[in-house]
Amino acid sequence: KPPQDDVAGPSARHKTTQVMVGNVAVGGGAPIVVQSMTNTDTADIDGTVAQIAALARAGSELVRITVDRDEAAAAVPHIRDGLRKRGITTPLIGDFHYIGHKLLTDYPACAEALDKYRINPGNVGFKNKRDTQFADIIEIANKNDKPVRIGANWGSLDQELLTKLMDENTASPNPRDARAVTREAMVQSALLSAARAQELGMPKNKMILSAKVSAVQDLIAVYQDLAARSDYAIHLGLTEAGMGSKGIVASSAALGILLQDGIGDTIRISLTPEPGGDRTLEVQVAQELLQTMGFRTFVPLVAACPGCGRTTSTTFQELARSIQDFIRDEMPGWKTLYPGVEELNVAVMGCIVNGPGESKHANIGISLPGTGEAPAAPVFVDGKKFRTLRGPGIAADFKALVIDYIDQ
Ligand code: SF4
């Protein structure tokens, strides 16, 4: 093997304590887990079951649902049953704020049906009158043998803790800037709550921590600090990432840097959906982030050139799109279908400039004819020219070759 210094790649994974969430391992060297969250009213059983099913089908390995009131807590066991009837076993996480202790106490079937409880230490704190609320949730989790996520959030940070740190900072001879103190409060909020949960008898392998912030640089600093100061399993996410490309870019930038640093055992890409938009986009983006960085493979990768003035027709864009859609929609679970095929790269290129070269790097690739080139599309398989496609059926012929390649 070449010396490690010569190999481009991420830092060694930050060592964390593994937590089982239902049947999914998080941390302790397990593959980085993709998770997502519903935006249905949890009291709407059918709507929530349908959305969880869609997220699970898209590849979400954990799904979080909000449990905000009695009707939602009462619905949770029925949601679980509805999923079972569809053969969906994806672990469910209950997202609790303010009254989680009460809902979990009043609805034991809800506490039983969930695979993990998310606690926000900003609104169910400790060291004050809310201590019993936090303790109640931990006690119920312990009794049901369920893990928790202690999820601090910039938008709902423990104000008592923040005020204390701000006061100490003001009195300090070398005060830090207010943002740095807020970051410290985020980290402390998560760590102090975890320590309190341990005092209450919760083992480390039942806790996952998160400290979500909406600003990329702050998020990176907070998580680097959290990882440096503990070995709890870590849930990564940029909160309030936003809509469309802004949300995708901000999340990918922040999470990409942390993942490259070896930090993060499970990720959620929090995207604000377009009105009527597809909730599963956040799962797709999370998978693509992990895959493009080389951490996991979910679907075969399609490399396509951007196209330019040398691209002769719309055939190129149409083929790239149709191959991408075909692979995503018709080959989910392809590694189960084709055991032993760990990775597959497909190239769809627009002309001779980069076409043959890029296609040779892929498992299977096609170089379409550009301006002034003969109307022929060479196909390369495992680095060698395999066949030349011609005529109006190039797209269908290439798709058939991709299927044949995988079958073989
Ligand atoms: Fe343009 Fe050819 Fe490069 Fe594609 S491979 S971007 S068509 S020059």
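Up top you'll find the structure we're talking about.
How each quantity is defined
- Residues numbered from 1 in each chain as written.
- Predicted model: local features only at pLDDT ≥ 70, side-chain atom pairs only at ≥ 80, totals over all residues.
- Heavy atoms only, no water.
- Helix = DSSP H or I, 4+ residues; strand = E, 2+ residues; numbered from the N terminus.
- Expected span 1.5 Å × (residues − 1).
- Buried < 20%, exposed > 50% of the residue type's maximum accessible area, 1.4 Å probe, protein only.
- Contact = heavy atoms within 4.5 Å.
- Pairing = 2+ DSSP bridges.
- Axes fitted to C-alpha atoms, helices over the stretch in contact; angles between N-to-C directions.
- Near = heavy atom within 4 Å.
- Nonpolar A, V, L, I, M, F, W, Y, C, P; charged D, E, K, R; others polar.
- Bend = angle between axes of the 7 residues up to and from the residue.

K.L.:
Looking at this model, I keep getting lost on the environment of V249. Mind explaining?
P.N.:
Mapped onto the elements, V249 comes out in helix α9 (residues 244-260). With 152 residues separating them in the primary sequence, V249 and H97 have C-alpha atoms 29 Å apart.

K.L.:
Would you mind showing me how to read helix α5 (residues 131-144) here?
P.N.:
Every α-helix winds through 3.6 residues per turn, so residues three or four apart in the chain are directed the same way. Its 14 residues place the ends of α5 20 Å apart at the C-alpha level, agreeing with the 20 Å of an ideal helix rising 1.5 Å per residue. Of the residues making up α5, those classed as buried are Q133, F134, A135, I137, I138, I140, A141 and N144. As for α5, its buried residues are in contact with α3 (100-106), α4 (108-113), β6 (116-119), β7 (148-153) and α7 (178-199). Positive backbone phi, at 60°, marks D145, one or two positions downstream of α5.

K.L.:
Teacher, can you tell me more about the sheet that holds strand β8 (residues 207-212) here?
P.N.:
Sheet strands pair by backbone hydrogen bonding; their relative direction is either parallel or antiparallel. Ordered by their spatial adjacency, eight strands build a closed barrel running β3-β4-β5-β6-β7-β8-β9-β10, and the pairing between neighbours is parallel. The pairing of strand β9 (residues 233-236) with strand β10 (residues 266-267) spans two bridges and is classified as parallel. Following the sheet pairing, H235 is matched in β10 by T266. Running over the sheet, α7 touches β7 and β8 and is turned about 160° from β8.

K.L.:
How do you make sense of the pairing of strand β15 (residues 384-389) when you look at a structure like this?
P.N.:
If a strand is regular, its side chains alternate between the two faces of the sheet. Relative to β15, strand β14 (residues 377-381) is paired through five bridges, and the arrangement is antiparallel. Residue pairing in the sheet places F380 in a bridge with K385 of β15. Adjacent in sequence and paired antiparallel, β14 and β15 are bridged by two residues, among which D382 carries a positive phi angle near 50°.

K.L.:
Help me out: how do you make sense of unusual backbone geometry in this one?
P.N.:
The phi torsion of most residues other than glycine is negative, and most of the peptide bonds are trans. Although it is not a glycine, D145 adopts a positive phi angle of roughly 60°. Tracing the sequence through the fold places D145 in the loop between α5 and β7. Judged by relative accessible area, which is 53%, D145 ranks as exposed. Phi is positive for D382, close to 50°, though the residue is something other than glycine. As for its position among the elements, D382 is in the loop between β14 and β15. Among the residues examined, D382 registers a relative accessible area of 48% and is labelled partly exposed.

K.L.:
Would you mind showing me how to read the site of the ligand here?
P.N.:
As a matter of local geometry, the ligand sits amid C305, P306, G307, C308, R310, T311, G350, C351, V353 and N354. Of the residues assigned to the shell around the ligand, the class counts are five nonpolar, four polar and one charged.

K.L.:
How do you make sense of helix α2 (residues 70-85) when you look at a structure like this?
P.N.:
Here α2 contains 16 residues, and its C-alpha end-to-end distance of 24 Å stays within 8% of the 22 Å for a straight helix at 1.5 Å per residue. In α2, a bend of some 35° at V76 exceeds every other bend along the element, and P77, a proline, comes one to four places later. Turning to α2, its buried residues number three or more, namely A72, A73, A75, V76, P77, I79, R80, G82 and L83. In this fold, the buried residues of α2 make contact with α1 (45-58), β4 (62-66), β5 (92-96), α3 and α4. Within two residues after α2, G87 carries a phi angle of roughly 75°, on the positive side.

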